[in-house]
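Single-letter residue listing:
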Amino acid sequence: MLVCHCEDVNDRRIVAEVGSGARCPDLIAERCGAGSRCGGCRPTIEALLASLGLAEQPAA
Ligand code: FES
């Protein structure tokens, strides 16, 4: 499933980045570009993180 249309990143790529330690949307954006442009895919990335048990922590 294509998640980020701006950077052409699919869900498998994002899950792989999460597996290698990118556990928040900013790190994912830094590593593969997903979410770094229009931001339209951010909710999908967040839902993907939540489905992996990694819901974003509220800012301290
Ligand atoms: S769709 Fe991902 S940044 Fe635009």
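This report concerns the structure included in the present document. (Residues numbered from 1 in each chain as written. Predicted model: local features only at pLDDT ≥ 70, side-chain atom pairs only at ≥ 80, totals over all residues.)

### So, the overall build of the protein chain
As a reminder, the rule being used: For the purposes of this entry, the term helix denotes a DSSP run of H or I that reaches at least four residues, the term strand denotes a run of E that reaches at least two, and both are numbered from the N terminus. Note that the radius of gyration is over C-alpha atoms, with the globule rule given as 2.2 Å times the number of residues to the power 0.38. Each residue is classified by how many other C-beta atoms fall within 10 Å of its C-beta atom, where C-beta atoms are placed from the backbone; a count of 20 or more means buried, 12 or fewer means exposed, and values in between mean partly exposed. Contact between two residues is assigned whenever their backbone-derived C-beta positions fall within 7 Å.
Of the regular secondary structure elements, the protein chain holds three helices and two strands. From first element to last, N terminus to C terminus, the protein chain shows the α and β order β-β-α-α-α. Relative to the 2.2 N^0.38 estimate, which gives 10 Å for 60 residues, the radius of gyration of the protein chain is 10 Å and therefore close to what a compact globule would have. The dimensions of the protein chain, computed from C-alpha atoms along their principal axes, are 30 × 20 × 15 Å. Sorting the 60 residues of the protein chain into buried and exposed places 27% on the buried side. Taking the intrachain contacts of the protein chain between residues at least 6 apart in sequence as the baseline, contacts between residues at least 24 apart amount to 44%.

### So, the nonpolar core
Proteins that are soluble and globular tend to have nonpolar side chains buried together. Defined as follows: Working definition: the nonpolar core is a set of buried Ala, Val, Leu, Ile, Met, Phe, Trp, Tyr and Cys residues, joined through C-beta atoms within 7 Å.
Formed by 13 residues in total, the largest nonpolar core has its most connected members in V3, V9, I14, I28, A34 and I45. For this core, the secondary structure elements donating two or more residues are β1 (2-4), α2 (25-32) and α3 (42-51). Ignoring sequence-local partners within four residues, the contact set of V9 consists of V3, C4, I14, C32, G33 and A34.

### Notes on the environment of V15
The topology assignment puts V15 in helix α1 (residues 11-19). Residues V15 and R31, spaced 16 residues apart in sequence, show a C-alpha to C-alpha distance of 12 Å.

### Considerations on α2
Where we set the bar: An arc is given here, and it is the one of the directions from the helix axis to the C-beta atoms.
P25, I28, A29 and C32 are the residues of α2 that are buried. Looking straight down α2, one finds that the buried residues subtend no more than 100 degrees of arc, so they occupy a single side.

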